[in-house]
Structure formats: structure tokens, C-alpha cells
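Read off the chains here:
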Amino acid sequence: MTVRTRFAPSPTGRLHLGNVRAAAFNWLLAKHHGGSFVLRIEDTDADRNVAGGEEAILEDLSWLGLDWDEGPDIGGEYGPYRQSVRDNHYLATIQGLLERDAAYACFCTTEQLAAEAEEYDDGRTAQRYSGKCRNIEIDERFERVSAGEAHCIRIAVPEDIQSINIKDEIFGSISFATNEIEDFVVQRTDGRFTYNFAVVVDDIGMEISHVIRGVGHLSNTPKQAILFDVLSAPRPVFGHLPTVLGADGKKLSKRLGATAVAELRAQGFPPDAVLNYLSLLGWSHPEEKEVLTRSDLIGAIGLERVGKSDTQLDEEKLRWVSSRHLGMEELQEIADHVRPFVDTGMFPEALTNFQATVDALRTRLSTYGDINEHLEVLYPDEGDAEEKRQGIGSDPEVRKVLTAVQKRLIILPAWDPEALDQAVRAGGKDVEARGAALFHPVRKLLIGSEKGPDLGKILAALGRPEALRRFDQGCS
RNA sequence: GCCCCCAUCGUCUAGUGGCCUAGGAUAUCGCCCUCUCACGGCGAAGACCGGGGUUCGAGUCCCCGUGGGGGUACCA
């Protein structure tokens, strides 16, 4: 069987981590099985669509590397991929349903429905539509429809079965009593189609094999299953993912913030790290490995190891996963990734010897964007820096050490971390200083603090002219 | 109201009746490495929602309760 998964967001704005987690599972699963990942935009409800919403979604997915094989922008043989332009499919399907009496026209008004609900409310059972229009004689029905009487189309929920059973790859077998399910509307009085109906028609039409989505949809599944059955289409494999909650344990809101993909991107999280972290929400690697590359993920993903309980976002853990991903990068690579995040207005000199700079600071970065807060260490405010350096050199003992190191540095032919480290030690040896007595004053002179990266790396990052300039200030 | 689902350290989780005096990860704390910081290594502390069953034996199975989530829409 060809595996075809899909992600079907509404264009209501930026993607939050819960949505993206669903997209990620679908993508990973498709890749795992060598299948296709389809992107479909559910823009049925025009009022809720946000301008630019679709573009934002495509951008967020692309950034995460969740590329689609078929979608609104690139088309595909099962198109179109926007619900708003698939009316002909829905109409044709409804027509077929009507002809087979699997659906019927309902003339009840909202008021009638409300009155009926009240009447049937015995306080003990589900309140649902009685299905009375289902019994209208065929001739009468034809006449009323022909006369243009307002009506919607409802599904005639099968009465010959007592329950409808859903097999969910994550939640197991779940059954719903048929009499709990009312004859639900598939086409509204105004002609628009309902969500439950459109998804099923599209999933059938696009030959989707696996429907992986949030548990929020589990309760809708029986209705959809009825539709698949009534349309004589094989039901797809269902898999409902547990809900992703915010760090506060509450539902992810539209007010996104730190839970938006775009925000994470702006903060400088690597896409692979985000994908890695997201995959760990509700799923675990068979060997409980947690730092996983994209291909590790593709190889190991599966619905078998997905849990059922809701999960909470934990930014600390995300940062940890991210730091491990940065740790896997080559120096050249990480430097290239960090570069765009440097605040050059604040640190105009940071980009010179940039690779050495990143080398000095990389172990303290969890994200690319963290660079700026560590650049401050190397490039403190120059305002009173000179004065401070002079102050350090004013102590004769310290001065002796600094001068000795300075001499060694001036004659040093190479300017790489190892050679620099050796030169500093040699300078110290010249005046019999070592350990803290040697390193602390030198570091204090260079960056204004005794604590910080290895001296060799600091010197390499500053570069010869800048480093010697700071020595001059301290030793003049 | 009615229906469906969920429930292990703060958080992410392992765990499918005996391997569990519950394992890992993160965060926290301590020690080590080291000139210092960061990284790394080692260690400590920290959980089976409650109550009944079933069983020789239950975190694991069943029932009830509690808490949380979803549905009950001519929302998606």
C-alpha cells in the first residue's frame, strides 16, 4: 500500500507547536514509508481566514524542512488542494448520496430545532436531532425542494448497526453507539459544506492512507467513519496524537508567543532541533535516545510508540535538545548559522575572526541567537574599558606578568588558539607566574573578568590588533 | 445533562502481571575535570491520582470516584 499522509490546516495565521507537531508526524511517517506528504488548505470558512495565513503556513513548514509532495502552491494529480475550490467534488458526492437515500433534505429551521431539543431533553440522554425530515415522502420532498424551500442536507445515519467502531493506531479500539450520533448536516442551508464532510470527501479523493491528527478530532471520527462507509470508501488508518499544551499546562492559544514556529525561528533554534524536540512530545525512541537527527527520526518513527496522555511544552528541554544539535555542527557550519544573528550595530567588530569567535563561545550557546549575550563578554562596553585596563596594570606584580605575556604575543608568528595558549604560558614562565596568578590577570585585562573562555580562544577571537591594543592600554 | 478519551518524578518519558526496593532525559543540587567560566564525567534528591476488587503476586487487568481533555453546532 502506498502511504499518503496529509496536513490540513486552516489558514488562520501562524502555526503553533501543536499543529506543527501533527504536521511533523505526518511528514515523518510518509518519509519512513517512502510515501507522499500532502498539504491541503482547509479554507472552507471564509470568515476565519486570515490574509496571508496560507503563506505563513507554507513558510513555517518550509523552514522546518517539512516539504510537501503535493500542495496548493505546487499542485499535484489529486488537486486542487484548497477546499474553497473543490465544491464540484462535494456537490457530486452529495448528489450520489441523495440518489441512494443515504442523505436527505431537511427543512427544519433553527427555531424548530431548538424547540425540538427542549422537548426531547429528558436530562438523561443525548440531545440530538430527531431525524423527522428523513420520513418525508419522496414526492413531498421533491416538491418542496423544487419550490425552493430552504433546506440543508443531512446524512441518514445507518440504523441497522448499533455502534460504530473506530480502530485507532494510538488509542486502540473505541466504539460509539449509533444512537448517540444524530443525522448530521453535510451541506448547510446556504450551500456551504461542513467540515466533517469536506475532509472525508477530500481524504477519499486524495487517496489519503493515514489520517494523523490531534485527539481533538477523535470525537469527530465516528461521523467521518460513517461517511467513509456510506461512500463505500475504505477507511484510512487513524492515529490521534495527544494534545500539546503550553508550558503553563494550558491550551495553546492563538496568541502564540513562544509557542509559534516563527518565534522559534527568530530566536535562532535550528529547524532540526525543533523537529527533534517536537517528535519527543508523545513519542519515544525505541532505545530512548533523545538527540536525533532528521534521518534518525525518519528511520525510527512509528505510531506504535506514541503515548495517549497530553504533553506539556518545556522550553528548557527544547533548549537542551537545541544545544546538542549545535554541538553536532562543524565549526564552519555553526559559524555560518550564527552569523546572521549577530547584532552588528552592537558589536561592529564581532564579524572579524568570526570563526574563532564562535569557537570561543559555542559551548555556551543553546540557539544561534544566544550569540549576542555572549558577545558582550568579548566586547564589553568601551566607555570605561580603557580606564579599567590601566587600573589592572597599575599593580606592579600584575604589570610584570602582563608585560611578559605581551612580549611573547608580539613575537608570535602564528595566531591560533593552541599557539596563543602556549605563548601565554611561556610569558608566565618568564616571570615565574602560572595558574590563576597568570591567567586571571590576563583574562581580566582582555575581557574585564577573571571568568570566561580559554585565553587562547579569546585571543584568537579578538585578533592580533585588538588583543595587542588591549595589552597596550593595560601596560602603558 | 449525555457520549468518548486520558491519568508514572516539576516537565518529557520507559514500563504490555513477577526482571520495579519503578529505569532514562531535562531542570535543580553536590563532586570531579580545569587558571576560571562554559562543555563534559560522576553522584544526590524527586513519581506509579484515590478507593475497592481479580491474582500466589498489580504501575501493569476490572470497577467506582476524583481531576483533566474532547464531542454533543447548519465551527474547524
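Just above sits the structure.
On a predicted model such as this, the values are computed, not experimentally measured, just so you know. (Residues numbered from 1 in each chain as written. Chains lettered and ligands numbered in written order. Predicted model: local features only at pLDDT ≥ 70, side-chain atom pairs only at ≥ 80, totals over all residues. Heavy atoms only, no water.)

Working note: non-glycine residues mostly have negative phi, and peptide bonds are mostly trans. One non-glycine residue with positive phi stands out, namely serine 232, at about 55°. With respect to the helices, strands and loops of the structure, serine 232 is situated in the loop between helix H7 (221–230) and strand S9 (237–241). Classification of serine 232 by relative accessible area gives exposed; the value is 64%. A positive phi angle, near 60°, is found at glutamate 288, a position not held by glycine. Its location among the elements puts glutamate 288 in the loop between helix H9 (271–279) and helix H10 (294–300). (Helix = DSSP H or I, 4+ residues; strand = E, 2+ residues; numbered from the N terminus. Buried < 20%, exposed > 50% of the residue type's maximum accessible area, 1.4 Å probe, protein only.)

For the rest of this paragraph, the subject is the packing of helix H18 (residues 436–447) against helix H19 (residues 455–462). The interhelical angle for the contact between H18 and H19, taken along N-to-C directions, is 25°, at an axis separation of 11 Å. The pairing of H18 with H19 is recorded here as roughly parallel in orientation. At the point where H18 passes H19, the crossing takes the left-handed sense. Residue-level contacts link Phe439, Val442, Arg443, Leu446 and Ile447 of H18 to Leu455, Ile458, Leu459 and Leu462 of H19. The residue makeup of the contact of H18 with H19, split by class, is 8 nonpolar, no polar and 1 charged. (Axes fitted to C-alpha atoms, helices over the stretch in contact; angles between N-to-C directions. Parallel < 35°, antiparallel > 145°, perpendicular 65-115°, else oblique. Left-handed = near helix turned anticlockwise from the far one by under 90°. Contact = heavy atoms within 4.5 Å. Nonpolar A, V, L, I, M, F, W, Y, C, P; charged D, E, K, R; others polar.)

Here we come to the pattern of salt bridges. For side chains bearing opposite charge, pairing can occur when the charged atoms are close. Tallied over the full model, the rule gives 27 salt bridges. Taking the shortest distance from any N to any O, the salt bridge between aspartate 202 and arginine 40 comes out at 3.7 Å. Of this pair, aspartate 202 sits in helix H6 (residues 195–205) while arginine 40 sits in the loop between strand S2 (36–39) and helix H2 (53–63), and the two are 162 residues apart along the sequence. Residue aspartate 202 is classed as buried on the basis of its relative accessible area of 0%. Connected through shared salt-bridge partners, Arg6, Arg40, Glu42, Arg86, Asp202 and Asp203 make up one network. (Salt bridge = Lys/Arg side-chain N within 4 Å of Asp/Glu carboxyl O.)

Attention now moves to helix H14 (residues 371–378). Those residues of H14 not exposed but buried are Ile371, Asn372, His374, Leu375 and Leu378. Looking straight down H14, one finds that the buried residues subtend no more than 160° of arc, so they occupy a single side. (Arc of directions from axis to C-beta.)

Mapping threonine 243 onto the fold places it in the loop between S9 and strand S10 (244–245). Residue classification places threonine 243 among the partly exposed residues on the basis of a relative accessible area of 28%. Linking threonine 243 and alanine 260, residues 17 residues apart in sequence, is a C-alpha distance of 16 Å. In this structure, threonine 243 is in contact with Val215, Asp310 and Thr311, ignoring residues within four places of it in sequence.

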